[in-house]
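One letter stands for each residue in the lines below.
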Amino acid sequence: MTVMTVRRPTGRALVALVVMTLVLGAVLGVGVWWLLAMTWNAVWSGLLSAGPGG
């Protein structure tokens, strides 16, 4: 059995960490914007339907 030695984060590990952070950030950002869009759409539709013209 080979024992893996724990080293300091190398360039590859750093790149992987940055990529994972960017991917997670993008997914969370898209999710938040989607929720905001859906909420805004529901609120706007409610205001229009409850307004004097609806």
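In this report, we go over the structure that sits alongside the text. Here the residue index of a chain counts from 1 through its sequence in written order. The predicted nature of this model means local features are confined to residues of pLDDT at least 70 and side-chain atom pairs, given and counted, to a pLDDT of 80 or more, with totals for whole chains, interfaces and linings taken over all residues. Excluded from the side-chain calculations are hydrogens and water; all other atoms, namely the structure's heavy atoms, are used.

**So, the overall build of the protein**
So, step 1. Numbering of helices and strands runs from the N terminus, with a helix taken as a DSSP run of H or I at least four residues long and a strand as a DSSP run of E at least two residues long. For the protein, the count of helices and strands is one helix and zero strands.
So, step 2. Residue burial considers only the protein chains on display, and all accessible areas are found by Shrake-Rupley using a 1.4 Å probe. Roughly 5400 Å² of accessible area belongs to the protein as shown, and the carbon and sulfur atoms make up 77% of that amount.

**Remarks on the packing of aromatic side chains**
So, step 1. Ring geometry is summarised as follows: Phe, Tyr and Trp rings, the Trp one being its six-membered ring, pair when their centres sit within 6.5 Å, and such pairs are stacked at plane angles under 30 degrees, edge-to-face over 60 and tilted between the two. The full count for this structure, using the stated rule, is one aromatic pair.
So, step 2. Measuring from ring centre to ring centre gives 5.8 Å for W40 and W44, while their planes differ by 15°; the resulting arrangement is stacked. Pair noted here: W40 and W44 are both in helix α1 (residues 11-50), with a separation of four residues, about one helical turn.
So, step 3. Burial classification: accessible surface area is computed with a 1.4 Å probe over protein chains only, and a residue below 20% of its type maximum counts as buried, one above 50% as exposed, and the rest as partly exposed. Given a relative accessible area of 58%, W40 falls into the exposed group.

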